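Chains, contacts and geometry: an overview
Each chain, letter by letter, is given below.
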Number of protein chains: 4
Amino acid sequence: MCRWLAYTGEPLQPAALILDAQHSVVAMAENSPLGAETVNGDGFGFGWYPVANTDAAGPRHPSVFRSIEPAWNDQNLREISRAVVSPLFFAHVRAAAGPPIQQTNCHPFRHDNWLFMHNGAISQFGLIKRELALAVDPSLYPLMQGTTDSEVLFHLALTLGLADDPIGAVRAAIRRVEEAGHAAGVQFPMQGTLAVSDGETVWAFRYSSQGRSRSLFHSADVPTIRAMYPDADRLSLFGDHAQVVVSEPLNDLPGVFREVPESTVAVLDPEGYHHEAFLDA
Amino acid sequence: MCRWLAYTGEPLQPAALILDAQHSVVAMAENSPLGAETVNGDGFGFGWYPVANTDAAGPRHPSVFRSIEPAWNDQNLREISRAVVSPLFFAHVRAAAGPPIQQTNCHPFRHDNWLFMHNGAISQFGLIKRELALAVDPSLYPLMQGTTDSEVLFHLALTLGLADDPIGAVRAAIRRVEEAGHAAGVQFPMQGTLAVSDGETVWAFRYSSQGRSRSLFHSADVPTIRAMYPDADRLSLFGDHAQVVVSEPLNDLPGVFREVPESTVAVLDPEGYHHEAFLDA
Amino acid sequence: MCRWLAYTGEPLQPAALILDAQHSVVAMAENSPLGAETVNGDGFGFGWYPVANTDAAGPRHPSVFRSIEPAWNDQNLREISRAVVSPLFFAHVRAAAGPPIQQTNCHPFRHDNWLFMHNGAISQFGLIKRELALAVDPSLYPLMQGTTDSEVLFHLALTLGLADDPIGAVRAAIRRVEEAGHAAGVQFPMQGTLAVSDGETVWAFRYSSQGRSRSLFHSADVPTIRAMYPDADRLSLFGDHAQVVVSEPLNDLPGVFREVPESTVAVLDPEGYHHEAFLDA
Amino acid sequence: MCRWLAYTGEPLQPAALILDAQHSVVAMAENSPLGAETVNGDGFGFGWYPVANTDAAGPRHPSVFRSIEPAWNDQNLREISRAVVSPLFFAHVRAAAGPPIQQTNCHPFRHDNWLFMHNGAISQFGLIKRELALAVDPSLYPLMQGTTDSEVLFHLALTLGLADDPIGAVRAAIRRVEEAGHAAGVQFPMQGTLAVSDGETVWAFRYSSQGRSRSLFHSADVPTIRAMYPDADRLSLFGDHAQVVVSEPLNDLPGVFREVPESTVAVLDPEGYHHEAFLDA
């Protein structure tokens, strides 16, 4: 129902991927060939971590800019995505599947130093919303500001230990959703791709109860891309450690974007990209 | 934290009270002398019932127009409040005390043929939000679209029998809020004035746990006002059964607006106005 | 760059055409098969004349509701298009081609009892905007509230006698645009379909300098449609004099919608529909 | 009709002045004791220059974030004013005196490396809008995106040589406004305080035809303030060259803010603050 992108690597002006890429996130908002819906015009969000300050102790806290306007004509997104540089950022364009168009329903969601975003849906969420909301830790319950399934899923993962074991907590949260859904007679409760970050690593999950998840791709490593396309001037924008995971390829160049397999979690960190089995549908 | 008005009587162009009165609801948005806050610029809402159609069976369903812009410069409110006529309408301007600025947090709230609006707050709502939300009937829980204390209070009242006994259900809902608040160590959990309607009668409550409620006034009956101010041309706009209950007087004419006493419920119906004791603080 | 609809006939709840038709105006906002752009998500407008009041002298004044949100998820449009009935209304969904997303750039535009809307563009408007704005009557100049080519075109037509001779004034305005464009080296200055009304008649123009105008259709007369589709229950919504002119057919039923020819003006009035030659490209 | 602030000095997180000061710009939006209107809730704008990059040739280009929501509850302003640091920024909260509430009517306005903002009005602007707009250079005319008197004034100043002689160009623009106003029978055509910057210097003008201009203050130099208030921890946020010019004092500390005299232009540059006579009313 949405499209998203997560970047990690050398500090970058986010506009390079959000606005200027051939099939940028903003272009996907208006026309998304691989999306469940081609139009993702129900608001957007952009979350970014600051460049590391070696003096500062502790984790870096991200900033978030969200708007209910379609991304394609939002002037503020143009300004802000050129005014900052960031070593790790999330961008998301929304196609609402029910919950209202309001900033609190726009991704990414934030808690402390964590960002979270989601494309997909919990099927028949209204049937199990109350049960899932009750499964959220009581101290986190009043912090939910919107009405999406995605925000509940994030708070379930926080409840189930996201800060200590991100992969395990997302697994447990999805299993909780599936249990509740199955008990309510929903055959395939979970659908989606998810990204979560603590400011250093990005974990990107592709999973659906039916085994037919929304599309998800990751970039090849930059030195490899440079070798493939030595004349591509645009590559000079990117450092050797630049990597993205994104709902669909940002350009049409063969070999630059590779599919993230079903039922896997992709991990993007300073070591590079790898993925591992996550859950069986 | 807000200001509101409810009208019942002969079908009227709502702009007469929302825009054109000396201290109209829109004027109160920018400057509210009796309000807990003088500026109520965090969105507004307008709900209205259609003129009765004698052919139609069953209750009349209201329409609602809500916006996150300040009421004072909203062009659409100007258009719509002049384009319709209504025998019963609610208008509300919001001063947010925490929950985000979004249409789903603007009053009035609607369920079937019922409208509800609130000025005031549940003190330290975050402490008891989860408990109160759980007390809402599970079938109503997923229908809550925003994040205000007021919407939860409305759904509590619906859960506790609003459709059958409006006064009893609001009393029970407030008692539920006070129990939860006291258990959480809140001395004065409930503050506010509330209005609720089924499309025929308006019930307006003035109550706070501390016995110091937000201001609330009702209009004298129109024939009496005409006798007091025989030269007031503006009175020709109003029928003999026109009556309002409103957060503060719509004009400075002595005798036109009278205070609704503490701990009472005012009832406006085709018989006219009366109030009765509601709850002791 | 946009899609629009104009209705005239028996008073009708506009939602029947704006929301509920198979290919309603709201559906066209998200997916417009015949549009120059398939997505028309840059705001919308809805203008409607009240039901005639036989007591009132003079022309009827329309109301206008405009929003910068995409039409497909705007809750207020749902409310208002069901809450009113109107014998003549305009609806428009916008795909911006440059001018900013703001209510003052949303159609229809209004002046006294006149409404105006446009799909298309004045080519390279920036080159001749100043010249055309200067050609607007000085008393009308400060009334232009937005920055679109369409609003300038409307005010040019008002300057050139719209109130007395609508067809002649629109012709003169378009000729003025073409003169200015040609002088600035623009080969095909004018593109579009236009609708204008005084509250009794709708004039709908299909014209472009190149002779390849945006799509435009009109409905067959209702008794004919009833004879063609005797089992279509939905037709009971419409009176015998209901007629629309619209950017593309509202449904897939053969014979219900017919193309308005190039370089013609369609006239919809209580006598029914006819079109006549307008301008040669 | 508005309130504004301009900062220049060591790179600073703008939130220090926009959000966190005792009487911050956001506080002035809701309550402005010295303003012509106490509520400035009709949108806001924030424009900032980047930290100088010694590698880059030529002037620095500012970014602009503008919104039609009241500043006091805008979440994005909170995020962005904490996420950037800037050696020179403008912030403005608007109280509309006629022109519509839309981003293109929010200050600051931008042209190349220049920012401009205004508090006040051209009296009876509708009478002379056309004449003033015609006095704008034809190449600049189509770049005006909104409908305010302020934007026309900025483009008049650009036409009259702002880039080469800022003080002379603003003087000439104001004289042009006064000539047009007087010719149209307006006694006091110009009212206001203006700020303009090229990214290195801020020029702030206080002038009105009547000699009774809107309030304007500048800060004392920081070392002097430190000597006056040695225990003020908050001063550690600011470098020795930090200086602001602002519609009203940001705090209640005697001596920190000093009035800019009538009919002067204040100049803030790396040399510090001074003002000089500007125009006689």
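Let us look at the structure shown here. Just so it is clear, the model here is predicted, and its values are computed rather than measured. (Residues numbered from 1 in each chain as written. Chains lettered and ligands numbered in written order. Predicted model: local features only at pLDDT ≥ 70, side-chain atom pairs only at ≥ 80, totals over all residues. Heavy atoms only, no water.)

Details of the pairing of strand 10 (residues 243-246) of chain A
Residues and elements named next belong to chain A. To be explicit about the condition: Accessibility here uses a 1.4 Å probe with only protein chains present; expressed as a share of the type maximum, an area under 20% marks a residue as buried, one over 50% as exposed, and anything in between as partly exposed. Only DSSP runs of H or I covering at least 4 residues are called helices, and only runs of E covering at least 2 are called strands; the numbering of each starts at the N terminus. Between any two strands, at least two bridges found by DSSP are needed for them to pair.
Of the two faces of strand 10, the one carrying Gln 243 and Val 245 and the one carrying Val 244 and Val 246 are both buried. Pairing between strand 1 (residues 2-12) and strand 10: 4 bridges, direction antiparallel. Bridged to Thr 8 within strand 10 is Gln 243. The pairing of strand 9 (residues 217-219) with strand 10 spans 2 bridges and is antiparallel. Residue Phe 217 lies in a different strand from strand 10, and its bridge partner there is Val 246.

Comments concerning the side chain of A:Asn76
For clarity, the cut-off: Working rule for contacts: check all heavy atoms of both residues, and any pair within 4.5 Å makes them a contact.
Summarising the element assignment, A:Asn76 is placed in helix 3 (residues 75-83). Once you skip the residues sitting within four places of it in the chain, A:Asn76 turns out to touch A:Phe65, D:Val64, D:Phe65, D:Arg66 and D:Gln103.

Description of the interface of chain A and chain B
Here is the rule: Two parts lose some accessible area (1.4 Å probe) when they are put together, and adding that loss for both gives the buried area. Salt bridges, as used here, are contacts in which a Lys or Arg side-chain nitrogen is within 4 Å of a carboxyl oxygen on Asp or Glu. We define a polar contact as two N or O atoms separated by no more than 3.5 Å, with the added condition that, inside protein, one atom must be a possible hydrogen donor and the other a possible acceptor, whereas residues neighbouring each other in sequence contribute only through side-chain atom pairs. Note on residue categories: nonpolar means Ala, Val, Leu, Ile, Met, Phe, Trp, Tyr, Cys or Pro, charged means Asp, Glu, Lys or Arg, and polar means any other residue, Gly included.
On the chain B side, the residues contacting the 16 residues of chain A number 16 residues. Surface buried jointly by chain A and chain B totals about 1400 Å² across both partners, of which 59% is contributed by carbon and sulfur atoms. Its largest share of buried area at the contact with chain B, chain A owes to A:Arg130, A:Leu134 and A:Tyr141, together 40% of the area lost on that side. If you look at where chain A meets chain B, you find 0 salt bridges. Here chain A is connected to chain B by 5 residue pairs in polar contact (both at pLDDT 80 or more). A class-by-class count of the residues in the side of chain A that touches chain B yields 8 nonpolar, 6 polar and 2 charged.

Brief notes about helix 6 (residues 166-183) of chain D
Residue and element names in this part refer to chain D. The following threshold applies: Under the convention used throughout, the expected extent of a helix is 1.5 Å for every residue step, that is, one less than its residue count.
The first and last C-alpha atoms of helix 6 sit 26 Å apart over 18 residues, in line with the 26 Å expected at 1.5 Å per residue. Every buried residue of helix 6 is accounted for by Pro 166, Ile 167, Gly 168, Ala 169, Val 170, Ala 173, Ile 174, Val 177, Glu 178, Ala 180 and Gly 181. With its phi angle positive at about 85°, Gly 185 sits one or two positions after the end of helix 6.

Quick word on the interface of chain A and chain D
Between chain A and chain D, the contact holds 15 residues from the first and 15 residues from the second. Where chain A abuts chain D, roughly 1100 Å² becomes buried across the two surfaces, and 41% of that area is made up of carbon and sulfur atoms. It is A:Asn76, A:Glu79 and A:Gln103 in chain A that bury the most area against chain D; as a group they hold 41% of the surface buried on that side. The tally of links between chain A and chain D comes to 2 salt bridges. Counting the contacts that link chain A with chain D gives 6 residue pairs in polar contact (both at pLDDT 80 or more). Of the residues forming the side of chain A that touches chain D, the biggest block, 5 residues, is contributed by helix 3 of chain A. Classifying every residue of the side of chain A that touches chain D gives 7 nonpolar, 4 polar and 4 charged.

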